[in-house]
Amino acid sequence: MTASTSQAALAPGAPADGQSDGGPVGGALLMLCGIASFQMGASIAKDLFPLFGPLGMVGLRLWIAAIVLCALARPWRMVPDRATLWLIVQYGTVVCLMNMTFYLSLARLPLGIAVAIEFLGPLALALLGSRRPVDLLLVALAAAGLDLLLQPGAVLRGRGLDPLGVGFGLLAAASWAAYIVIGARVSRRIDATRATAIGLGVGALLLTPLAAATLPRIASHPHAGLLAGLVAILSSAVPYTLEMLAMKRLHPRQYGILSSLDPAMAVVIGLVLLGEHPDPSQWTGILCIVLSSIIGIVIRQSGGQAAPPPAPDL
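In short, a report on the structure. Computed from a predicted model, the values in this text were never measured in an experiment.

About the thresholds
Going along each chain's sequence as written, the residues are numbered from 1 onward. Selection of residues for local features in this predicted model requires a pLDDT of at least 70, selection of side-chain atom pairs for listing and counting requires 80 or more, and totals for whole chains, interfaces and linings are taken over all residues. Excluding hydrogens and water, the side-chain figures rest on all heavy atoms present in the structure. Like-charged residues within 9 Å of one another, or nonpolar side chains (Val, Leu, Ile, Met, Phe, Trp, Tyr) within 5 Å, are grouped into patches, provided each residue has over 30% relative accessible area and no salt bridge. Accessible areas in this description were obtained via Shrake-Rupley with a 1.4 Å probe; residue shielding takes into account the shown protein chains only. Salt bridge, as used here, is a side-chain nitrogen of Lys or Arg placed within 4 Å of a carboxyl oxygen of Asp or Glu. Here a strand is any run of E in DSSP of at least two residues, a helix any run of H or I of at least four, and the numbering for each starts at the N terminus. Categorising residues by exposure relies on relative accessible area from a 1.4 Å probe, with only protein chains included: less than 20% of the type maximum marks a residue as buried, more than 50% marks it as exposed, and the intermediate range marks it as partly exposed. Lines fitted to C-alpha atoms define the axes, with helix axes restricted to the stretch in contact, and inter-axis angles between N-to-C directions lie between 0 and 180 degrees. Each angle is binned into one of four classes, with values under 35 degrees roughly parallel, values over 145 roughly antiparallel, values of 65 to 115 roughly perpendicular, and all other values oblique. Any two residues having at least one pair of non-hydrogen atoms within 4.5 Å are treated as being in contact. In this classification, the charged set is Asp, Glu, Lys and Arg, the nonpolar set is Ala, Val, Leu, Ile, Met, Phe, Trp, Tyr, Cys and Pro, and all remaining amino acids, among them Gly, are polar.

With respect to a nonpolar patch on the surface
Judged by side-chain polarity, Met 40, Val 268, Leu 271, Val 272, Leu 273 and Trp 283 come together as a nonpolar surface patch covering roughly 510 Å² of accessible area. Top contributing element to the nonpolar patch by residue count: helix 12 (residues 262-274), with 4 residues. Note that Val 272 resides in helix 12. A relative accessible area of 61% means that Val 272 is categorised as exposed.

Below is the structure:
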């Protein structure tokens, strides 16, 4: 992901006044519900991989989400200029890569671990280029978490995590970082909902050749097709709506901290819905990554620096 959540989250708004619509507490609940919704969608998608495959599943999800958003936003009413349209094409390409590599990673790794690896993308972007001692300590904490998570010694001995799954996860992390950079540029040129609708359409078109074989399977397995639609709602429409509402109630620092809980939420959902049990060292690794993100956000906001927010899930 997720990377986890709405495209408008690329540029959280002004601090919430905390006096209306439930204030920060209501915003926090909306955020947590949005994160949980995305991870539940991912867990259902993983159960559908044997039938549709990870590429077919992400293709279905992007197409359904794009159709729903285009119906709501009707982006054709105001065609972007050529420069903006080219930027949105780049945005849609990164959306395609981010989702494709995450699902390929998810097919080989437990949900919580796949999300934690992907989360390294926005974390690295937030710490990139800093030379402050505290940031170097946060990099060390994240690196220690990654070492505990991946257990490279076990992998070399033929045990532990699937190396190909880890590789796809790292590609998803890099795509997530690129998504934040490109998405921030898009958000300065065009309304987030319209940009998202067009971007998802671009991503869906790019995935169509790889996911085309999925369509006959939907006809022969209509129940699974309905579940694929549920994945699109849980992983795109619901998080998008809830986080849009949450951003009206939360300070950017609060938003960032809550987004940092994404990997931990993924572990819990994977445990409950998929029966995936990380070992103690992997739990510790995920905790290190979450803490390094939360501490980095708190330090930056306290010092008046704006850290890039974690990108929303799609």
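Let's talk about the packing of helix 1 (residues 23-73) against helix 2 (residues 82-106)
Helix 2 packs onto helix 1 with a crossing angle of 100 degrees between their chain directions and a minimal axis gap of 9 Å. Judged on the interaxial angle alone, helix 2 and helix 1 are roughly perpendicular. From helix 1, Phe 38, Ala 42, Ala 45, Lys 46, Phe 49, Pro 54, Leu 55, Met 57, Val 58, Arg 61 and Leu 62 reach across to helix 2, where they touch Val 95, Cys 96, Asn 99, Met 100, Phe 102, Tyr 103, Leu 104 and Leu 106. Among the residues forming the contact of helix 1 with helix 2, the class breakdown is 16 nonpolar, 1 polar and 2 charged.

Focus on the pattern of salt bridges
For the coordinates displayed, the defined rule picks out 1 salt bridge. For Glu 276, the salt bridge goes to Lys 46, with nearest N and O atoms at 2.7 Å. Note that Glu 276 is positioned in the loop between helix 12 and helix 13 (280-302) and Lys 46 in helix 1, a separation of 230 residues in sequence. A relative accessible area of 14% places Glu 276 in the buried class.

Details of the side chain of Thr 84
On the secondary structure map, Thr 84 appears in helix 2. What makes Thr 84 buried here is its relative accessible area of 4%. If sequence neighbours within four positions are ignored, Thr 84 has contacts with Arg 189 and Ile 190.

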